[in-house]
Amino acid sequence: MNWMALACRALAEAELAGVAATQRDLAKRLGVSLGKANQFARQVLSAGHAQTGPGPAAGGGTRPLGMTLTPAGRDYLDQFKVTNAIVLAAGFGSRFVPITLETPKGLIEVHGEPMLERQLRQLQEAGITEIILVVGYMKERFEYLVDKFGVKLVFNPEYSTKNNLASLHCVREHLSSSYVLVADNWIESNMFHRWEPDTWLSGLYFAGPTSEWVVTFGPKDLIKGLHVGGRDAWAILGPAHFTPRFSERFRALMEEAYATPGTEDWYWEHVLKANLRQLPAYLNRLGTTGVREFESLAELREFDHSYRERTNSTIMRQIARALDTSESQITVVESLHNSSTGANFRFAVNGREFVYRIPHEGANRWIDRGHERSAYAAVSQLGFTDEVIWLDPVSGHRITSSFPSARRLDPSVKTQVEAAVRGLRRVHSAPLKILAQRDLTADIQRLRALRRPGGAIRFFEHDQFAALAEELAFIPDAQEVRPVLVHGSFAPSNVLILSDQRSPARIVDWELAGMGDPLIDVARFALSAEYAWDQVHAFTTLYLGHVPSEPERRRLYRWIALNALVEALWAEYRQPTATKPDEYPPTMYRYAKEYGRWALARDLPGVFLP
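Everything numeric here is computed off the predicted structure, so don't read it as measured data. (Residues numbered from 1 in each chain as written. Predicted model: local features only at pLDDT ≥ 70, side-chain atom pairs only at ≥ 80, totals over all residues. Heavy atoms only, no water.)

Draft legend 1. How the structure looks around the environment of L485. Mapped onto the elements of the fold, L485 is located in strand β22 (residues 484-486). Residues L485 and A430, 55 residues apart in the sequence, show an inter-C-alpha distance of 8.3 Å. (Helix = DSSP H or I, 4+ residues; strand = E, 2+ residues; numbered from the N terminus.)

In structure tokens:
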């Protein structure tokens, strides 16, 4: 490390604080022994960067003892002046649900102050005025920081599909003498400076296991290696500083990595790990505290006791009211698989686990929550679905029981699919009735009307497929079909597999249930699993217990096509906020086109093949 520059920085900061720096003060500011401080003092004086004699006193006037920078020393130090700070704040923070469903993780308050605001304040106190904030998730929530701290906001459009390498890539041209931070760290003491001569990464010592980036380093703290996870080791956590020379090299290597397929999950540290010889950096050892990264609500509660009874989360307050408990009893929160119509997370109260569902903001405009409740009431008689504990008919927010040992069905595993089919047959054969009808053509009409005022983007051939939907709606059934209670969204993601061999499958999420043709569910499963033609045939045969007849095939084709159109229209409406808006609708359109053509064909071949 450049101890000459660090010693000059210590003298400059002492002067800014209104004190004359002695060797003892120098030792404290540099974190070295008094003997080392004396050695550095001699080197600075010998280089002409400092002089001894009277200096400014904290209360005004002069102090007879101490060292101060010379004009030559100021010129030398100014070459290391920090240009800016880049703060990465685009991520979702899935391990902090449900709080991050309402507030970006960096804006969560710790001891009364948002973590990000604390860092911004510390940067400005150190004299760093140019601060660039890379945002993505809930980007509008950061707008107030422009006025409060004068930050510049840069939007990362890939925040939901890539890791923070993409965020840093968005602002690569700003890399110079730069601090690089993440918004959701809590920094205890101000560790920033106006001048930084070296490239370094903050490191904390972890006694016991850690899942952070573990560091190996040489005798002068030069980083030699990086790997994820370890125990009783130093690991990277907190801010980093890039020098201009480092930034130039890093920028080129980052651009190369960013353009390479398979780096979507990379953090910017992956680039460093892969190029340590070209990117020398030091470990800035902070000890065992100094910087905190809260991985869960439990960790935050341990540090800030106010969160034990109050989380400032509307959702947590709603859970407490619905279950007649206190927020302090709500634990073990984790994000779950999210469906196209909403987001889910699991939590526990007094040892019992539940699932909370938050629907997409547009779902309530075409899904009837009253019908959802009646479907749950009907199917609960069978005893193999989740139990509705609470359902808000206005917002659609819902609490259901959870199956702790369950895993989501894998449509490629034969035994799991067979268990799901047995459960589906049981539903379809039961004498269950509700008022709601599973009418896919009505859903298509509602979604077409919904997407117009919603500003959704129309995908290619939209009008052609709207006409196809109208044709499919008027196909007469080739045989009389007794309506049964259908799930309506019988997808692999809505079938849970338990270890209980007596009843291994649980069918959950009945928000689209209604009376209709049982092949609607068969078609929906095959569509969601993205089965090929032969797999569709095998799955349908498994459900029916026989090779499907021509009328059954025609009905099946029709329901696959209509289900695909419903999914495509819903994806069109959600397109501005969808995770992968360029993939899902075209996939559904392809199914609609192929199966719609078969459903409308005058004659079907004698085998179930294209």
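Draft legend 2. Structural context of the nonpolar core. Core analysis: the largest hydrophobic core is formed by 71 residues, its most contacted members being W366, F490, W510, Y531, F539, I560 and Y595. With 13 residues, helix α18 (residues 550-574) is the single largest residue contributor to this core. Leaving out residues up to four positions away in the same chain, F539 has contacts with V417, V421, F490, V522, F525 and Y531. Formed by 31 residues, the second largest nonpolar core is a distinct cluster that contains L201, V215, F246 and L279. (Core = buried A, V, L, I, M, F, W, Y, C linked by side-chain atoms within 4.5 Å. Buried < 20%, exposed > 50% of the residue type's maximum accessible area, 1.4 Å probe, protein only. Contact = heavy atoms within 4.5 Å.)

Draft legend 3. Local environment of the pairing of strand β12 (residues 200-217). Two elements, β12 and strand β13 (residues 223-242), share 15 bridges in a ladder whose sense is antiparallel. Directly across from W200, in β13, lies its bridge partner H241. The antiparallel hairpin formed by β12 and β13 contains 5 residues in its connecting segment, where D221 sits at a positive phi of about 70°. As judged from the 5 bridges shared by β12 and strand β14 (residues 282-287), these two strands associate in the parallel manner. Bridging from a neighbouring strand, W200 pairs with Y282 of β14. (Pairing = 2+ DSSP bridges.)

Draft legend 4. Local environment of the sheet that holds strand β10 (residues 178-182). An order of β9-β8-β5-β10-β13-β12-β14 is seen for the 7 strands of this open sheet, with the pairing classed as mixed. Two strands close off the open sheet at either side, each with one partner strand: β9 (152-155) and β14. Looking at each pair of strands side by side, their axes are set apart by 35° on average, direction ignored. (Axes fitted to C-alpha atoms, helices over the stretch in contact; angles between N-to-C directions.)

Draft legend 5. Spatial organisation of helix α8 (residues 244-258). Between the first and last C-alpha of α8 there are 20 Å, a value that for 15 residues agrees with the 21 Å anticipated at 1.5 Å per step. For α8, every residue scored as buried is listed here: F246, S247, F250, R251, L253, M254 and A257. Elements in contact with the buried residues of α8: α7 (164-170), β13 and α9 (268-274). (Expected span 1.5 Å × (residues − 1).)

Draft legend 6. Quick look at the packing of aromatic side chains. Across all of its chains, the model carries 28 aromatic pairs by this definition. With centroids separated by 5.9 Å and ring planes inclined at 15°, the aromatic side chains of F246 and F250 adopt a geometry described as stacked. With F246 and F250 both in helix α8 and 4 residues apart, the pair spans about one turn of that helix. Under the relative-accessibility criterion, F250 is labelled buried at 0%. Here the aromatic cluster, defined as three or more aromatic residues joined through ring pairs, consists of F345, F347, F354, Y356 and W390. R285 extends its terminal NZ or CZ atom over the ring of W234, reaching a point 5.5 Å from the ring centre. Directly above the aromatic system of W559 lies the positively charged group of R558, at a separation of 4.7 Å from the ring centroid. (Phe/Tyr/Trp six-rings, centres within 6.5 Å; stacked < 30°, edge-to-face > 60°. Lys NZ or Arg CZ within 6 Å of the ring centre and 35° of its normal.)

Draft legend 7. Structural view of the environment of Q381. Along the polypeptide, Q381 turns up in the loop between α12 (369-379) and β19 (388-391). Judged by its relative accessible area of 61%, Q381 falls in the exposed class. Separated by 275 residues in the primary sequence, Q381 and G106 have C-alpha atoms spaced 45 Å apart. One polar contact links the side chain of Q381 to the main-chain carbonyl oxygen of A378, over a distance of 3.3 Å. (Polar contact = N/O pair within 3.5 Å; in protein donor to acceptor, adjacent residues only side chain to side chain.)

Draft legend 8. View of the environment of S402. The topology assignment puts S402 in the loop between β20 (398-401) and β21 (407-408). Relative accessible area serves as the criterion here: at 12%, S402 is assigned to the buried category. C-alpha separation for the pair S402 and E255, spaced 147 residues apart in sequence, amounts to 44 Å. In contact with S402, not counting residues within four places along its chain, are R346, E353, F354 and V355.

Draft legend 9. Molecular detail of the pattern of salt bridges. This model, assessed by the stated rule, comprises 30 salt bridges. As a salt-bridge pair, R357 and E372 come within 3.0 Å of each other at their nearest N and O atoms. With R357 in strand β18 (residues 352-359) and E372 in helix α12, this pair connects stretches of sequence that are 15 residues apart. Comparing R357 with E372 shows no difference in burial state: the two are buried. Among the ionic pairs, R398 bridges to E372, the shortest N-O distance being 2.5 Å. Highlighted residues: R398 in strand β20 and E372 in helix α12, separated in sequence by 26 residues. Among the residues examined, E372 registers a relative accessible area of 0% and is labelled buried. (Salt bridge = Lys/Arg side-chain N within 4 Å of Asp/Glu carboxyl O.)

Draft legend 10. Layout of the sheet that holds strand β23 (residues 495-497). The strand order across the open sheet formed by 3 strands is β21-β23-β24, and the pairing between neighbours is antiparallel. Both outer strands of the open sheet, β21 and β24 (505-507), are each paired with one neighbouring strand and no more. Pairing analysis gives 3 bridges linking β23 to β24, with the strands arranged antiparallel. Bridging across to β24, I497 finds its partner in A505. Running at roughly 50° to β24, helix α13 (residues 414-429) makes contact with β21, β23 and β24 of the sheet.

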